[in-house]
Amino acid sequence: MVFASPLYAMPTENRLQQFVLPEPVLCIDGYVQVELLGRVDRDQRDNLFYFCISNVEVLGRPLDPSFVIEHLSNGKLSLNYYPPSKLGSVTENNPKAPKQ
């Protein structure tokens, strides 16, 4: 599943621009794709259009250790919840599960 945010207005200025998503989003494996639509600058040296990002920062927090994400053989992901009382038995059988 892929989350697509609403489009945000982006002025053509070299300054920090902050965008807040309308709802929490689960980011798995640490990959975020940023698409910049409609913002271009013409380079005075060759009169061509370019755009450059110097920094991107994504803020968030990790899942509670009771949640374990498993990569399935069909390429899909499974998000499992293991209550803290059962977490010990999960870590013994699943090397990817968080350690207590």
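Numbering of residues begins from 1 in every chain and follows the order in which that chain's sequence is written. pLDDT decides what is reported in this predicted model: residues at 70 or higher carry local features, side-chain atom pairs at 80 or more are listed and counted, and totals for whole chains, interfaces and linings draw on all residues regardless. Side-chain metrics in this entry use all non-hydrogen atoms of the structure; hydrogen atoms and water are not considered.

Focus on the pattern of salt bridges
To keep things clear, this is the line we draw: The rule for a salt bridge is simple: a side-chain nitrogen of Lys or Arg has to be within 4 Å of a carboxyl oxygen of Asp or Glu. Each residue's exposure class comes from its accessible area (1.4 Å probe, protein chains only) as a fraction of the maximum for that residue type: buried when under 20%, exposed when over 50%, partly exposed otherwise.
Applying the stated criterion across every chain, the model contains 1 salt bridge. The closest approach of N and O atoms between R45 and D43, which form a salt bridge, is 2.7 Å. Classification of R45 as exposed rests on a relative accessible area of 77%. D43 gets classed as buried once you look at its relative accessible area, which sits at 19%.

Thoughts on the side chain of D43
Note the threshold: A run of H or I in DSSP becomes a helix once it reaches four residues, and a run of E becomes a strand once it reaches two; helices and strands are each numbered from the N terminus. In this analysis, two residues are considered to be in contact whenever any of their non-hydrogen atoms come within 4.5 Å of each other.
Turning to its location among the elements, D43 is positioned in the loop between β1 (41-42) and β2 (49-50). Setting aside residues no more than four positions away along its own chain, D43 makes contact with L48 and Y50.

Re the confidence of the model for the protein chain
Heads up, the condition is: As a per-residue measure, pLDDT tells how confident the predictor is, with possible values from 0 to 100.
This prediction gives the protein chain a mean pLDDT of 79; 83% of its residues lie at or above 70. In the model of the protein chain, helix α1 (residues 84-93) stands out as the element of lowest mean pLDDT, 59, in contrast to strand β4 (residues 77-81), which has the highest, 90.

Points about the environment of P65
Among the secondary structure elements, P65 is positioned in the loop between β2 and β3 (67-71). With a relative accessible area of 46%, P65 lands in the partly exposed category. Here the alpha-carbon distance between P65 and Y82, two residues 17 residues apart in the chain, equals 8.6 Å.

A short note on the packing of aromatic side chains
Heads up, the rule is: Any two rings among Phe, Tyr and Trp, with Trp reduced to its six-membered ring, count as a pair given centres within 6.5 Å; such a pair is stacked if its planes are under 30 degrees apart, edge-to-face if over 60, and tilted if neither.
Summed over the entire model, instances satisfying the criterion amount to 2 aromatic pairs. For the pair Y8 and F19, a centre-to-centre distance of 5.3 Å together with 50 degrees between the ring planes defines the contact as tilted. Pair noted here: Y8 is in the segment before β1 and F19 is in the segment before β1, with a separation of 11 residues, a long-range link. By relative accessible area, which is 32% here, Y8 ends up partly exposed.

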